[in-house]
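Results of the structural survey
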Amino acid sequence: MTKILTVKQIKALDEYTIQHEPIASIELMERACRAFTTWFTERFHALNKVGIVCGTGNNGGDGLGIARQLKAWGYPVKVWVVRGNMKESDDFKENFKRLAGYVVDLVNISSEADKGLFVECDVLIDAIFGSGLSRKPEGIYAQVIQCFNQATATKIAVDIPSGLMADQKSEEPIARVTYTLTFQLPKLAFLLPQSQQYIGEWTVLDIGLSKKFIKEVDTTNYLLTQKDIKRLIKPRSKFDHKGTFGHALLISGSFGKMGAAILSAKAALRSGVGLLTTHVPQCGYSIMQSSVPEAMAQVDDDDNRFTAYSNLESYNALGIGPGIGTHETSVKAFISVLKSFAKPVVIDADGLNILSAHSNKYEVVPPGSILTPHVKEFKRLVGEWSDDFERLEKQKELALQLRSVVLVKGAHSTVATPEGKLYFNGTGNPGMATGGTGDVLTGILTALLAQGYTAEDAARIGVYVHGFAGDLAASDKGMISLIASDLIEYLPAAFKLLSR
Ligand SMILES: NC(=O)C1=CN([C@@H]2O[C@H](COP(=O)(O)OP(=O)(O)OC[C@H]3O[C@@H](n4cnc5c(N)ncnc54)[C@H](O)[C@@H]3O)[C@@H](O)[C@H]2O)[C@@H](O)CC1
Ligand SMILES: Nc1ncnc2c1ncn2[C@@H]1O[C@H](COP(=O)(O)OP(=O)(O)O)[C@@H](O)[C@H]1O
Ligand SMILES: [K+]
């Protein structure tokens, strides 16, 4: 897993590398600059006029080193150094000296920033503040960031856009860039929707910081990688039979919303469940039987919706919610089925809406379950938040209270566990912002729980494979035309690529 470290830990990682590799701090900075300029020179030809806006800390030191290296590559380079109340770091001073041997136009900005400051640049590099930012930029720093944002050049941030805090709430002004080239590990802020407008597309540059430190350091935040998922998916053995892979029950669909039931059922079958039973209202019986012949159908007493259920003993997991509506008879049956089912449950869509309105939601969810709200559903469950970092706290809090996994969906869907861990997903694309893709996820997760995966593992595998199928589908069909059924069509390829 890719660990996401706090600013304090990143600083300790730098220091540990300097001490134990060992490498002089200035040489480590040189390596960071080299990683940046390697990326840069592969993408921008040397006719581009490059502007580099530096602070006087180590991020500014990087900026000066990058200026020197790009100059050596033959780029026309101009440097601005913002001189407010920030101290000069030692490595900034050293790189300032080293730059003196090169003919680089260098301008200090200390009192006032002219609006048209950066008009002549084709590419602008932001090296004002890095991860050392500790408060909102003010005075000359704020003015320069505003000018930077007004410039029309292609903009690239060194490590992190200036003004953005890596692991806590930020306030404007914040540099808005097209690319963020960050060192060694992604920052927590990159994974939150509120930062998207600043960071653009982000790339991690390996600058050889200590692998040992990263391996040993404690963290609760992770970005899921393909390697993790491959390790989690259990291989099948020769004598396995359908009983080995569990029996799942899906309670989904109602009159006019049988599509949700079909999508979740097909997704469950494509995710390896041994047996699947779908509970459907009478109006959905023939629809289900003819569209999903592999699934058994249990029929409700009601024509149009979920109102009652029968013996639950044979099921290993239950998925409930997609398309069930919130009619009072369904609400009653929903609460009752949760109270009678002691095994893990996936609760989605209308199931979550019912839960939000229920006075005692903490008592009805069986421990070890998975809740899959999108942002709006999560707000209904826990109330508003003012900042995405606060949302993460609320997510962990709910997971703890329910002793279950809370999976908030969106770009970088986040899995929170009762132990306070957060896993961020990196697969998926905006083509998946279309009706029914959530129902597919419910089917996948229910199938994984039925196969005996813990809620934590099922959520990690499920969210990754769901996005991965979406990426495979989008690469063939494009994002605009992508529909939820395409995810099901590409699930086999996704699972095949992820299995050992
Ligand atoms: N050896 C290392 O530690 C390495 C550091 N690197 C670079 O160093 C950066 C971190 O360096 P620093 O810790 O010097 O951080 P910054 O370059 O972000 O500068 C922090 C300085 O700014 C001051 N400051 C914070 N907020 C301010 C505000 N709002 N207004 C005015 N001053 C403010 C702080 O007191 C501190 O003196 C990284 O982002 C990365 O770019 C890279 O060169 C890789 C190696
Ligand atoms: N921009 C995006 N990037 C990645 N995944 C996305 C994006 N937009 C939506 N998705 C995924 O698509 C699914 C949408 O689910 P949901 O909102 O419940 O839709 P529905 O209720 O219509 O099925 C989620 O798994 C979400 O993570
Ligand atoms: K920066």
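Keep in mind the model is a prediction, meaning the values are calculated, not measured.

Here we come to the sheet that holds strand β15 (residues 370–371). Taken in spatial order, the 11 strands line up as β1-β9-β18-β17-β16-β15-β14-β13-β10-β11-β12 in an open sheet, and their pairing is mixed. Looking at strand neighbours, the two that pair on one side only are β1 (2–3) and β12 (296–299), the edges of this open sheet. Bridge count for strand β16 (residues 405–408) against strand β17 (residues 414–416) is three bridges, and the pairing is antiparallel. Across the sheet, the residue bridging to V408 is T414, located in β17. Across the sheet, helix α16 (residues 437–450) is in contact with β10 (247–251), β13 (317–320), β14 (345–347), β15 and β16; its angle to β10 comes to roughly 150°.

Looking now at the site of ligand 1. In the neighbourhood of ligand 1, 24 residues make up the surrounding shell, with N59, D62, G130, R135 and D159 lying closest. Residue D62 places a side-chain N or O atom 2.5 Å away from an oxygen atom belonging to ligand 1. Contact between ligand 1 and G132: an oxygen atom at 3.2 Å from a main-chain N or O atom of the residue. Protein coverage of the free-state accessible area of ligand 1, which is 870 Å², stands at 85%.

Further remarks concern the packing of aromatic side chains. Applying the stated criterion across every chain, the model contains 13 aromatic pairs. Of the aromatic side chains, those joined through ring pairs into one cluster are F36, W39, F40, F44, Y75 and Y179. Here R236 stacks its cationic end above the ring of F245, 3.5 Å away from the centre of that ring. For the cation-ring pair, K379 lies above W385, with the distance from its terminal atom to the ring centre recorded as 4.9 Å.

Two side chains that carry opposite charge are able to pair once their charged atoms sit near each other. According to the stated counting rule, one finds 20 salt bridges in the structure shown. A salt bridge links E30 to R68; its shortest N-O distance comes to 2.9 Å. A residue pair is termed long-range when its members are at least 10 positions apart, and E30 in helix α2 (residues 25–43) and R68 in helix α3 (residues 58–72) qualify at 38 residues. For E30, a relative accessible area of 13% gives the class buried. R68 gets classed as buried once you look at its relative accessible area, which sits at 8%. What emerges from the salt-bridge pattern is a single network uniting E27, E30, R68, E94, K97 and R98.

Turning our attention to the coordination of the potassium ion (ligand 3). N59 (OD1), D126 (O), F129 (O), V158 (O) and I160 (O) make up the full set of protein donors to the potassium ion (ligand 3), lying at 2.6 to 3.0 Å. For the potassium ion (ligand 3), the single-chain donor residues occur in sequence as N-x66-D-x2-F-x28-V-x1-I. Of this pair, D126 sits in strand β5 (residues 123–127) while V158 sits in strand β6 (residues 154–158), and the two are 32 residues apart along the sequence. Overall, D126 belongs to the buried group, its relative accessible area being 0%. Among the residues examined, V158 registers a relative accessible area of 0% and is labelled buried.

A separate point is the packing of α2 against helix α4 (residues 90–99). In a packed pair of helices, the relevant descriptors are the angle between the two axes and the axis-to-axis distance. α4 packs onto α2 with a crossing angle of 65° between their chain directions and a minimal axis gap of 10 Å. The orientation of α2 with respect to α4, classified from their angle, is roughly perpendicular. Of the two possible hands of crossing, α2 and α4 adopt the one that is right-handed. Counted together, S25, I26, E27, M29 and E30 of α2 and D91, E94, N95 and R98 of α4 form the full contact between these two elements. When grouped by side-chain class, the residues that make up the contact of α2 with α4 number two nonpolar, two polar and five charged.

For β10, a buried count of five out of five residues is recorded, marking the element as mostly surrounded by other parts of the structure. Residues H247, L249 and I251 of β10 are buried on one face, and the alternating residues A248 and L250, pointing to the opposite face, are buried as well. In the sheet, β10 pairs with strand β11 (residues 275–280) via five bridges, with the strands oriented parallel. Across the sheet, L249 pairs through a bridge with T277, a residue of β11. Once you follow β10 into helix α9 (residues 258–269) and on to β11, the crossover reads as right-handed. With four bridges joining them, β10 and β13 adopt parallel strand pairing. Across the sheet, the residue bridging to L250 is G319, located in β13.

By size, the foremost hydrophobic cluster in this structure holds 58 residues, and its most contacted members are I229, L276, I370, L407 and V440. Elements that contribute at least two residues to this core include exactly α8 (226–232), β10, α9, β11, β16, α16, α17 (455–477) and α18 (484–498). By residue number, the principal contributor to this core is α17, which donates 12 residues. Sequence-distant contacts of I370, that is, excluding residues within four places in its chain, are made with V345, V346, I347, V405, L407, L445, L449, A455, A458 and A459. By size, the runner-up hydrophobic cluster in this structure holds 48 residues, among which are I160, I199, F306 and V364.

Turning to unusual backbone geometry, a few remarks are in order. Following E21, the chain continues to P22 via a peptide bond in cis, the omega torsion being -20°. With respect to the secondary-structure elements, P22 resides in the loop between α1 (7–20) and α2. In the segment running from E172 into P173, the intervening peptide bond is cis, with an omega of 5°. With respect to the secondary-structure elements, P173 resides in the loop between β6 and β7 (179–183). Look at R403: it is not a glycine, yet its phi comes out positive at around 50°. In this fold, R403 is placed in the loop between α15 (388–402) and β16. The residue H412 is not glycine, and still its phi comes out positive at about 50°.

On to the site of ligand 2, then. The full set close to ligand 2 counts 17 residues, and K409, S413, G436, G438 and H466 are the nearest of them. At 2.9 Å from an oxygen atom of ligand 2 is found a main-chain nitrogen or oxygen belonging to G436. Interatomic distance of 2.6 Å between a backbone N/O atom of G438 and an oxygen atom of ligand 2. Burial of ligand 2 by the protein amounts to 79% of the accessible area it has alone, namely 580 Å². When grouped by side-chain class, the residues that make up the shell around ligand 2 number four nonpolar, 11 polar and two charged.

The rules behind these values
- Residues numbered from 1 in each chain as written.
- Chains lettered and ligands numbered in written order.
- Predicted model: local features only at pLDDT ≥ 70, side-chain atom pairs only at ≥ 80, totals over all residues.
- Heavy atoms only, no water.
- Pairing = 2+ DSSP bridges.
- Helix = DSSP H or I, 4+ residues; strand = E, 2+ residues; numbered from the N terminus.
- Contact = heavy atoms within 4.5 Å.
- Axes fitted to C-alpha atoms, helices over the stretch in contact; angles between N-to-C directions.
- Near = heavy atom within 4 Å.
- Polar contact = N/O pair within 3.5 Å; in protein donor to acceptor, adjacent residues only side chain to side chain.
- Areas by Shrake-Rupley, 256 points an atom, 1.4 Å probe, with all protein chains shown as cover.
- Phe/Tyr/Trp six-rings, centres within 6.5 Å; stacked < 30°, edge-to-face > 60°.
- Lys NZ or Arg CZ within 6 Å of the ring centre and 35° of its normal.
- Salt bridge = Lys/Arg side-chain N within 4 Å of Asp/Glu carboxyl O.
- Buried < 20%, exposed > 50% of the residue type's maximum accessible area, 1.4 Å probe, protein only.
- Donors = N, O, S within 2.8 Å, 3.2 Å for Na, K, Ca; no water.
- Parallel < 35°, antiparallel > 145°, perpendicular 65-115°, else oblique.
- Left-handed = near helix turned anticlockwise from the far one by under 90°.
- Nonpolar A, V, L, I, M, F, W, Y, C, P; charged D, E, K, R; others polar.
- Right-handed = clockwise from strand over helix to strand, strands pointing away.
- Core = buried A, V, L, I, M, F, W, Y, C linked by side-chain atoms within 4.5 Å.

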